[in-house]
Amino acid sequence: MKVEELIELIRAGENEKVEFKEKPSNLGEEICAFANSEGGWVIIGIKDNGKIVGCEERKVLKILDGIAQNLTPLPKIKVERLRIDGKAIVVVRVERSERLVSLGNIAYIRVGTSKRPLSIQEIFWKGIESGELRWDSQASGIRFED
């Protein structure tokens, strides 16, 4: 990603595909939510209002490494480090996952500019949509004699 492209994302503001993070808090949940939705960008070092504040790159990269070990299955992500006005920015590009991604046995989804955990019913339906669960392989509870 070029700096100009990043500036355009920042100018457009947060939306269903872009999340700003001043600090690397809840990154795993955000990555999980984007993977279970349409994908998107988590931009660390930017306040919610779009102000560029920068971040501690090493700290962010260390946290991302730990998160990668807790996401199941690991979605496709690309991490880029850029500088704007001498301030470090870390951009995490998350691709939409074909399979349901969870973090610590909780699956999140992106809704507008926020995230939320999926309900049991939503997890079940996403499993069917992805082909991981099939109606014809589910027990029916009907006896053969009936």
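Check the entry above for the structure.
Residues numbered from 1 in each chain as written. Predicted model: local features only at pLDDT ≥ 70, side-chain atom pairs only at ≥ 80, totals over all residues. Heavy atoms only, no water.

Asker: Just to check I follow, could you spell out the pattern of salt bridges for this structure?
Answerer: Charged atoms that come close allow side chains of opposite charge to pair. One pass over the full model with this rule turns up 10 salt bridges. We note a salt bridge from Lys115 to Glu30, for which the minimum N-O separation is 3.4 Å. Highlighted residues: Lys115 in strand 8 (residues 114-117) and Glu30 in helix 2 (residues 27-35), separated in sequence by 85 residues. Given a relative accessible area of 4%, Glu30 falls into the buried group. In this structure, the salt-bridge partner of Arg81 is Glu57, at a minimum N-O distance of 3.6 Å. Residue Arg81 is located in strand 4 (residues 77-84), and its partner Glu57 is located in helix 3 (residues 57-68); the two are separated by 24 residues in the primary sequence. Among the ionic contacts, a cluster of salt bridges with common partners joins Glu19, Lys21, Glu29, Glu30, Arg110 and Lys115. (Salt bridge = Lys/Arg side-chain N within 4 Å of Asp/Glu carboxyl O. Helix = DSSP H or I, 4+ residues; strand = E, 2+ residues; numbered from the N terminus. Buried < 20%, exposed > 50% of the residue type's maximum accessible area, 1.4 Å probe, protein only.)

Asker: How should I be thinking about the packing of aromatic side chains in this particular structure?
Answerer: Each aromatic ring pair is characterised by the separation of its centres together with the angle its planes make. Under the counting rule described, the total for this entry stands at 0 aromatic pairs. Over the ring of Trp41 we find Arg93; its NZ or CZ atom is 4.5 Å from the centre of that ring. (Phe/Tyr/Trp six-rings, centres within 6.5 Å; stacked < 30°, edge-to-face > 60°. Lys NZ or Arg CZ within 6 Å of the ring centre and 35° of its normal.)

Asker: Please explain the pairing of strand 1 (residues 18-21) as it appears in this structure.
Answerer: If a strand is regular, its side chains alternate between the two faces of the sheet. The alternating pattern of strand 1 places Val18 and Phe20 on one face and Glu19 and Lys21 on the opposite face, and all of these are buried. Across 4 bridges, strand 1 lies against strand 2 (residues 40-44) in parallel orientation. Note on strand 2: the bridge partner recorded for Glu19 is Val42. In this region the chain leaves strand 1, passes through helix 2 and returns to the parallel neighbour strand 2; the handedness of that crossover is right-handed. (Pairing = 2+ DSSP bridges. Right-handed = clockwise from strand over helix to strand, strands pointing away.)

Asker: Looking at this structure, I do not really get the sheet that holds strand 1. What am I missing?
Answerer: Hydrogen bonds along the backbone pair up the strands of a sheet, which may run parallel or antiparallel. Spatial strand order, 1-2-5-4: 4 strands in an open sheet with mixed pairing. Pairing within the sheet leaves two strands with one partner each, and these edge strands are strand 1 and strand 4. Taking the axes of each pair of neighbouring strands and ignoring which way they run, one obtains an average angle of 20° across the sheet. Bridge analysis of strand 4 against strand 5 (residues 87-94) gives 8 bridges, and the strand direction is antiparallel. (Axes fitted to C-alpha atoms, helices over the stretch in contact; angles between N-to-C directions.)

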